Amino acid sequence: MLIIKNLHAGVEGKQILKGINLTVGAGEVHAIMGPNGSGKSSLASVLAGKENYDVTEGEVIFQGKNLLDMSPEVRAREGVFLAFQYPIEIPGVSNINFLKTALAEIRTYKGLPPLDAKEFLRQSKEKQKLVEFDAKLVNRSLNEGFSGGEKKRNEIFQLAMLEPALSILDETDSGLDIDALRIVSKGVNKLRSSNNAFIIITHYQRLLEYIVPDFVHVLYNGRIVKSGTKELALELEDKGYDWLKEEAHENAATI
Amino acid sequence: MTPQDIPLYEEVVNGFNRLSAADALGRESSDLRKTRQSAFERFRESGFPTIKNEDWKYTNIARWLKEEYALGGLPGGAAAGGADAKVMDENVRAAAERSRVAELDAYIVLLVNGVWQKDAGVGAVAGAIPAGVELLTVAEARQDPALSVYFERPTDGKERYFTALNTALFSDGLFIRVDASALPEKPLHIIHVFTGDRNLLVQPRHVWVVNRQAELKVIESVVTPAYAEASAGETGDGVAAGGNAKIWVNSLTEIIVHTDAKVDHTVIQTPGEGTRLVQHTTVRQKRQSLYNNYNFTFPGSDLVRNDLQIRLEEDHTETHLYGLYLAAGQQLVDNHTLVDHQKPACFSNELYKGVLLEQSTGVFNGKVYVHRDAQKTNAFQQNNNLVISKKATIDSKPELEIFADDVKCSHGSTVGQFSEEALFYLRARGIGEETAKGLLINAFAFDVTEKIKTPAVEAHVNQLINQHIPVSHA
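One structure accompanies this document, and this report is about it. (Residues numbered from 1 in each chain as written. Chains lettered and ligands numbered in written order. Predicted model: local features only at pLDDT ≥ 70, side-chain atom pairs only at ≥ 80, totals over all residues. Heavy atoms only, no water.)

**Quick word on the overall build of chain A**
Scanning chain A from terminus to terminus reveals 10 helices and 12 strands. For chain A, whose C-alpha radius of gyration is 18 Å, the value lies close to the compact-globule estimate of 18 Å for 255 residues. For the C-alpha atoms alone, the extent of chain A along its principal axes is close to 65 × 40 × 35 Å. For chain A, the residues scored as buried account for 54% of the 255 residues in total. For chain A, restricting intrachain contacts to residue pairs at least 6 apart in sequence, the fraction spanning at least 24 positions comes to 69%. (Helix = DSSP H or I, 4+ residues; strand = E, 2+ residues; numbered from the N terminus. Rg over C-alpha atoms; globule rule 2.2 N^0.38 Å. Buried < 20%, exposed > 50% of the residue type's maximum accessible area, 1.4 Å probe, protein only. Contact = heavy atoms within 4.5 Å.)

**Regarding the overall build of chain B**
Regarding its fold elements, chain B presents 10 helices and 21 strands. For chain B, the residues scored as buried account for 60% of the 474 residues in total. Surface exposure of chain B reaches about 17,900 Å², of which carbon and sulfur atoms provide 47%. (Areas by Shrake-Rupley, 256 points an atom, 1.4 Å probe, with all protein chains shown as cover.)

**Description of the interface of chain B and chain A**
Taken together, the contact between chain B and chain A spans 17 residues of the former and 30 residues of the latter. In this assembly, chain B packs against chain A so that about 2,000 Å² is buried in total across both faces, 67% of it on carbon and sulfur atoms. The largest share of the area that chain B buries against chain A comes from Phe424, Tyr425 and Arg429 of chain B, three residues that together contribute 41% of it. Counting across the chain B and chain A interface gives 3 salt bridges. The closest approach of N and O atoms between glutamate 155 of chain A and arginine 429 of chain B, which form a salt bridge, is 2.7 Å. Where chain B packs against chain A, one counts 12 residue pairs in polar contact (both at pLDDT 80 or more). Of all elements in the fold, only helix H8 (420-427) and helix H9 (433-449) of chain B reach the threshold of two or more residues within the side of chain B that touches chain A. Each residue belonging to the side of chain B that touches chain A can be placed in one class, and the counts come to 10 nonpolar, 3 polar and 4 charged. (Buried area = accessible area lost by both parts, 1.4 Å probe. Salt bridge = Lys/Arg side-chain N within 4 Å of Asp/Glu carboxyl O. Polar contact = N/O pair within 3.5 Å; in protein donor to acceptor, adjacent residues only side chain to side chain. Nonpolar A, V, L, I, M, F, W, Y, C, P; charged D, E, K, R; others polar.)

**Examining the sheet that holds strand S11 (residues 215-220) of chain A**
Residues and elements named next belong to chain A. One open sheet accounts for 6 strands, arranged S6-S9-S10-S3-S11-S12; its pairing is mixed. Every interior strand has two partners, whereas the edge strands, strand S6 (80-83) and strand S12 (223-228), have only one. Each strand of the sheet is rotated relative to its neighbour by a mean of 20 degrees, with strand direction disregarded. Summarising the sheet, strand S9 (residues 166-170) and strand S10 (residues 197-201) pair through 5 bridges and their orientation is parallel. By the bridge assignment for S10, isoleucine 168 is matched with isoleucine 199. Its contacts with the sheet place helix H6 (residues 148-162) against S6, S9 and S10, and it is angled at close to 170 degrees to S6. (Pairing = 2+ DSSP bridges. Axes fitted to C-alpha atoms, helices over the stretch in contact; angles between N-to-C directions.)

**So, helix H10 (residues 455-468) of chain B**
What sets the pattern is the α-helix's 3.6 residues per turn: residues three or four places apart point alike. Along its 14 residues, H10 of chain B runs 20 Å from first to last C-alpha, staying within 8% of the 20 Å computed at 1.5 Å per residue. Of the residues making up H10 of chain B, those classed as buried are Ala456, Val457, His460, Val461, Leu464, Ile465 and His468 of chain B. (Expected span 1.5 Å × (residues − 1).)

**What about the packing of aromatic side chains?**
Residues and elements named next belong to chain B. For the structure shown, the criterion picks out 19 aromatic pairs over all chains. On the numbers, 5.8 Å between centres and 35 degrees between planes, the contact of tyrosine 9 with phenylalanine 43 is tilted. Taken as a pair, tyrosine 9 in helix H1 (residues 7-21) and phenylalanine 43 in helix H2 (residues 30-46) lie far apart in primary sequence, 34 residues in all. Using a relative accessible area of 8% as the deciding quantity, one classes tyrosine 9 as buried. (Phe/Tyr/Trp six-rings, centres within 6.5 Å; stacked < 30°, edge-to-face > 60°.)

**Points about the side chain of threonine 202 of chain A**
With respect to the element layout, threonine 202 of chain A can be found in the loop between S10 and helix H8 (206-210). A distance of 2.6 Å separates a polar atom in the side chain of threonine 202 of chain A from a polar atom in the side chain of aspartate 173 of chain A.

**A few points about the pairing of S9 of chain A**
Residue and element names in this part refer to chain A. Here S9 lies mainly inside the structure; 5 of its 5 residues are buried. Neither face of S9 is left uncovered, since the one carrying Leu166, Ile168 and Asp170 and the one carrying Ser167 and Leu169 both have all their residues buried. One ladder, built from 4 bridges, connects S6 with S9; its direction is parallel. Pairing of leucine 82 across the sheet is with isoleucine 168, part of S9. The parallel pair S9 and S10, bridged by helix H7 (residues 178-191), forms a crossover whose chirality is right-handed. (Right-handed = clockwise from strand over helix to strand, strands pointing away.)

**A few points about the side chain of histidine 320 of chain B**
Residue and element names in this part refer to chain B. The topology assignment puts histidine 320 in strand S15 (residues 318-327). Exposure remark for histidine 320: the relative accessible area of 14% places this residue in the buried category. Here glutamate 318 takes part through its side chain, which lies 2.7 Å from a polar atom of the side chain of histidine 320. What histidine 320 contacts, discounting residues up to four positions off in sequence, is Leu290, Tyr291, Asn292, Asn293, Phe347 and Asn349.

**Here's the deal with helix H6 (residues 161-169) of chain B**
With 9 of its 9 residues buried, H6 of chain B lies for the most part within the structure. Within the sequence span of H6 of chain B, burial applies to Tyr161, Phe162, Thr163, Ala164, Leu165, Asn166, Thr167, Ala168 and Leu169 of chain B.

Written as structure tokens, this is what we have:
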């Protein structure tokens, strides 16, 4: 589904991603872990098409198409979804109108007729339930005055509505209490299928107890320095990141 | 540019002389004649404003004064060369029909170049004038000894430029009187259509008197015929009807809100290209009265200059001013507001928001003046601007002058661009850039539009916003 080859990217001349290689297949859940400043969120931003990042080298192929050539909205319509680490508050844009507009544009792009109001409402209700998202929030301004947990649940609610092929969850667990974490994880687990894939970016192993990954990658200094299965996450929890940093430096020295 | 270089200056001087000579003022009182004479003297001294005048510093009208205009609507038909000939036609009727607010049960008053078209058939379905409301033409009212006083108020000597010119030469407009304690069952929708088959200066004068404990709700639409054609789905902004004719509107409205009376006043300005709109409104509030003003300016007209002056002449009044200006093309939209706190314990709140597109220019000047006697004043003012194009500009100037010591006053002014983060968030959900910008403009405007109390009017304004959100922002 997603093939990232030797991806180099930076902001204002500063290199942040220094050669990422990653392949994600349909039905897979990949966790990307790593210390602060290793480039995790930058990777998410580059995949979603944030314009202040310059890709200097490498390529990203999504479902056979060159992702890097696409505008952010086209990526979303093709099926890439980024659950933001810090969802933006937009006063005056109602949550539900925003979703309706997004869904309509995605469906038009795919050559599908717009959902009728009744069907939209039905789906919206069903998906709200999935993430225990308060119905009152649906009609409010987008994220305005939402608590941290409500904002994150709103991200997963949107994910559920838009049904993307590839979802990137950027530190969705940060700032969540254990109950909210459970609700968000439950939602994600229900949405997992053999047709879609997830990249879960997290600093902590905790989220991975609820959303069990097929693969775990450790990002350090702009590169994936270690890949493994869910046991790697546990090892990181025990030993921290320092041993990996040392290993990475040794490797760099030998090259 | 000296007054002598301005063709319109010469035209109005000749016009006033004709007026004096032709005995065209009918049965107007001698006081009103004196008022006209002194206003004319002041105009002759001041001429048209230039950027050297503090109140017109950012609004240079010289480019429009190079054109020639004929005087429209002189009292007694003293206009030159039949300038008043053009009145109702199908375009005017269509413009009026299209200005109507869907789902709004209102009594429609159609004014063409300031003259009430009682039998135009527009809004005939709206039924009778609501009980408690009296409507007269200013042509009648100014000759009525009992009403003359509303036109002959001696000015404070500061009146000049456009207001002086209007006082010297006005002939018609709408006089509204609401009986004490009357609660009219429906609002008035006043549709002002301006049109000409040659360049014209039109100077309507309106007076509204809302008596004790009465309530009045008014929606005013300001349009030109071609605008309506543009809104019917044709591309681009319209030109004034009659081809390339330019219309200069110099309108003056005085609203008196008596003790315990309430006025809800919405103005929707959508005239087309070729229009220069100078609109002065003075509101005089008496004890415990409430006045709400909602002003919306949309792309089209070359120049819009609104002067909204609120005179709080007695205590315990309440005033809310909400404004939204959406400017595009080469348009210049200037909102000057004044809240004059003369007496104690009055409350005023003002929120104006602007969206500047393409090569447009916006000006906001909000003055709050708190007199020494006006203790316990609460006065708040906020102006926020969204500058969308690199070629658009805004000059925002809050002005607070406070001479009382026990007051609460605040003001704020911001100028910004689209939030890149908000834009990215919307696009990351599949929403195209233009649609996303449209959503953000709507969101920005929402703070103002949500204040409109009549849902049908709110929907109408939102529809106009959507209509004018541009396809290109270059």
